[in-house]
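Read off the chains here:
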Amino acid sequence: MTFATSQSAIRLDGVRKEYTIEATRVEALRGVSVDIPEGAMVAVTGKSGAGKSTLLHVIGTLDRPTTGQVFINGVDVSSMNDKTLSRFRNQSVGFVFQMNNLLPEFSAVENVMMPGIIAGLPTTELRKRAVKLLESVGLGERVEHKPGELSGGEQQRVAIARALMMSPPILVADEPTGNLDRKTSLMIQDLLLELVRNHRMTLLLVTHDMELASRLPSQIVMEDGLVVHDGVVH
Ligand SMILES: Nc1ncnc2c1ncn2[C@@H]1O[C@H](COP(=O)(O)OP(=O)(O)OP(=O)(O)O)[C@@H](O)[C@H]1O
Ligand SMILES: [Mg+2]
């Protein structure tokens, strides 16, 4: 049994997640309880199918647990309705995925602005902030490029800038450098870790790259829907 403390950025209590497809039931999470303090940088590793992405989706409030509770900054998100939850997600969590999910019809700067547009913020201010964020990821000269006119590493940097747009306290990243060559991958990793430290965000990062995992102060290892090693530093 764990108790919430004011420093808990993320807390999961007995989270189970089942998917049922036709007659087949998959238990992607089979009772996960973790407590992650504010500002922690946590690598999540484990074999394919262990439940890592599911864990990130549940923490990022993209998916609801079948049973169990999820607290983000002390707030029980399990009980929020969809509308409240999407507003909460927009303000609280930044996402970076292996496939960057940038909108192909929109320029880099518009993609970065998107979370702010969804939140209904004034576009002049948003554009200024988005340009600054693009400059901070070294893309000041690419603001009007569309995703198809950018390299893979550049696209991933746009995705990182977009994840920071709302200054969320939490960043979740699922194999953020999985699609990149080693040199670009290392550059993006350095950038991501530096930004997370500078913005004092709490980071959860899923990776198969043990070298990257070992760069983070905390480690969680998953196996078959369970956390089999909880090395979160408190
Ligand atoms: N939307 C879904 N519907 C049904 N089953 C799912 C769904 N998402 C995941 N699963 C199943 O849940 C289990 C855990 O999947 P998950 O994507 O969390 O694994 P993972 O650890 O991220 O693996 P990988 O390293 O390959 O990305 C898998 O057996 C998967 O088939
Ligand atoms: Mg995955």
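Everything below is about the structure printed above this text.
To start, this report covers the structure provided alongside it. Here the structure is a predicted model, which means the values were calculated and not measured. Residue numbering note: each chain is counted from 1, following its sequence as written. Whichever chain is written first becomes A and whichever ligand is written first becomes 1, with later ones labelled in order. Only residues with pLDDT of at least 70 get local features here, since the model is predicted, and only at 80 or more are side-chain atom pairs given and counted; chain-wide, interface and lining totals rely on the full set of residues.

## Topic: the nonpolar core
Now for step 1: What we call a nonpolar core is a set of buried Ala, Val, Leu, Ile, Met, Phe, Trp, Tyr and Cys residues whose membership is set by joining through C-beta atoms within 7 Å. To assign burial, the other C-beta atoms lying within 10 Å of each residue's own C-beta are counted, with C-beta atoms placed from the backbone; 20 or more indicates buried, 12 or fewer indicates exposed, and intermediate counts indicate partly exposed. Core analysis: the largest hydrophobic core is formed by 59 residues, its most contacted members being Val42 and Val112.
Now for step 2: Top contributing element to this core by residue count: helix α5 (residues 152-164), with 6 residues.
Now for step 3: Remark: residues whose backbone-derived C-beta atoms lie within 7 Å of one another are considered to be in contact. Apart from the residues within four sequence positions on either side, Val42 is in contact with Ile36, Leu203, Leu204, Leu205, Leu216, Ser218, Ile220 and Val232. Helix and strand assignments follow DSSP, with helices taken as H or I runs no shorter than four residues and strands as E runs no shorter than two, numbered in order from the N terminus.

## Digging into unusual backbone geometry
Now for step 1: Positive phi, close to 50°, is recorded for Glu22, a residue that is not glycine.
Now for step 2: Here Glu22 is to be found in the loop between β1 (8-21) and β2 (24-37).

## Some remarks on the sheet that holds strand β10 (residues 226-231)
Now for step 1: Taken together, 6 strands build an open sheet; the order of strands is β6-β7-β8-β3-β9-β10 and the sheet is mixed. Every interior strand has two partners, whereas the edge strands, β6 (93-97) and β10, have only one. Recorded for the sheet is a direction-independent mean angle of 15° between the axes of neighbouring strands.
Now for step 2: For two strands to count as paired, DSSP must find a minimum of two bridges between them. As paired strands, strand β3 (residues 41-45) and strand β8 (residues 202-206) are joined by 4 bridges and run parallel to one another. Whenever a helix is involved, its axis is fitted only over the stretch in contact; in every case the axis is a line through C-alpha atoms, and angles between N-to-C directions fall within 0 to 180 degrees.

## Digging into the pairing of β3
Now for step 1: In terms of residue burial, β3 counts as a mostly covered element, since 5 of its 5 residues are buried.
Now for step 2: By the alternation rule, side chains of β3 split into Met41, Ala43 and Thr45 and Val42 and Val44, which are all buried.
Now for step 3: Across 4 bridges, β3 lies against strand β9 (residues 218-223) in parallel orientation. The residue of β9 that forms the bridge with Ala43 is Gln219.

## Brief notes about helix α3 (residues 108-118)
Now for step 1: For α3, the tally of buried residues reaches 8 of 11 residues, placing the bulk of the element in the interior.
Now for step 2: Buried residues of α3: Ala108, Val109, Glu110, Asn111, Val112, Met113, Pro115 and Gly116, and no others.
Now for step 3: Against the buried residues of α3 lie α2 (82-92), α4 (123-136) and α5.
Now for step 4: Note on α3: the residue one or two positions beyond its end, Gly120, has a positive phi of about 80°.

## Here's the deal with the site of ligand 1
Now for step 1: Close contacts around ligand 1 come from Tyr19, Ile21, Val26, Ala28, Gly46, Ser48, Gly49, Ala50, Gly51, Lys52, Ser53 and Thr54, and that covers them all.
Now for step 2: For the shell around ligand 1, the elements supplying multiple residues, two or more each, are β1, β2 and α1 (52-59).
Now for step 3: Top element by residues in the shell around ligand 1 is α1. It accounts for 3 residues.
Now for step 4: Each residue gets one label: Ala, Val, Leu, Ile, Met, Phe, Trp, Tyr, Cys and Pro are nonpolar, Asp, Glu, Lys and Arg are charged, and the others, such as Gly, are polar. Counted by class, the shell around ligand 1 contains 5 nonpolar, 6 polar and 1 charged residues. Any residue whose C-beta atom, as placed from the backbone, lies within 6 Å of a molecule or strand is termed near it.

## Points about the environment of Gly74
Now for step 1: Here Gly74 lies in the loop between β4 (67-72) and β5 (75-76).
Now for step 2: For Gly74 and Gln7, which are 67 residues apart along the polypeptide, the C-alpha to C-alpha distance reads 8.6 Å.

## A short note on the environment of Pro65
Now for step 1: Position of Pro65 relative to the elements: it lies in the loop between α1 and β4.
Now for step 2: Taking the C-alpha atoms as reference, Pro65 lies 11 Å from Ser79; in sequence the two are 14 residues apart.
Now for step 3: Discounting residues that sit within four places of it in the chain, Pro65 has contacts with Val15, Arg16, Lys17, Val58, Val70 and Ser78.

## Description of the pairing of β8
Now for step 1: Counting buried residues along β8, 5 of its 5 residues qualify, which places the element largely inside the surrounding structure.
Now for step 2: Going residue by residue along β8, you find Thr202, Leu204 and Val206 tucked away on one face and Leu203 and Leu205 tucked away on the opposite face as well.
Now for step 3: Pairing geometry for strand β7 (residues 170-174) and β8, over 5 bridges, is parallel. Bridge assignment links Ala173 to a residue of β8, and that residue is Leu205.
Now for step 4: The β-α-β motif built from β7, the intervening helix α6 (residues 182-198) and the parallel element β8 has right-handed crossover chirality. Whether a crossover is right-handed depends on one test, that the path from the first strand over the helix to the second runs clockwise when the strands point away from the viewer.

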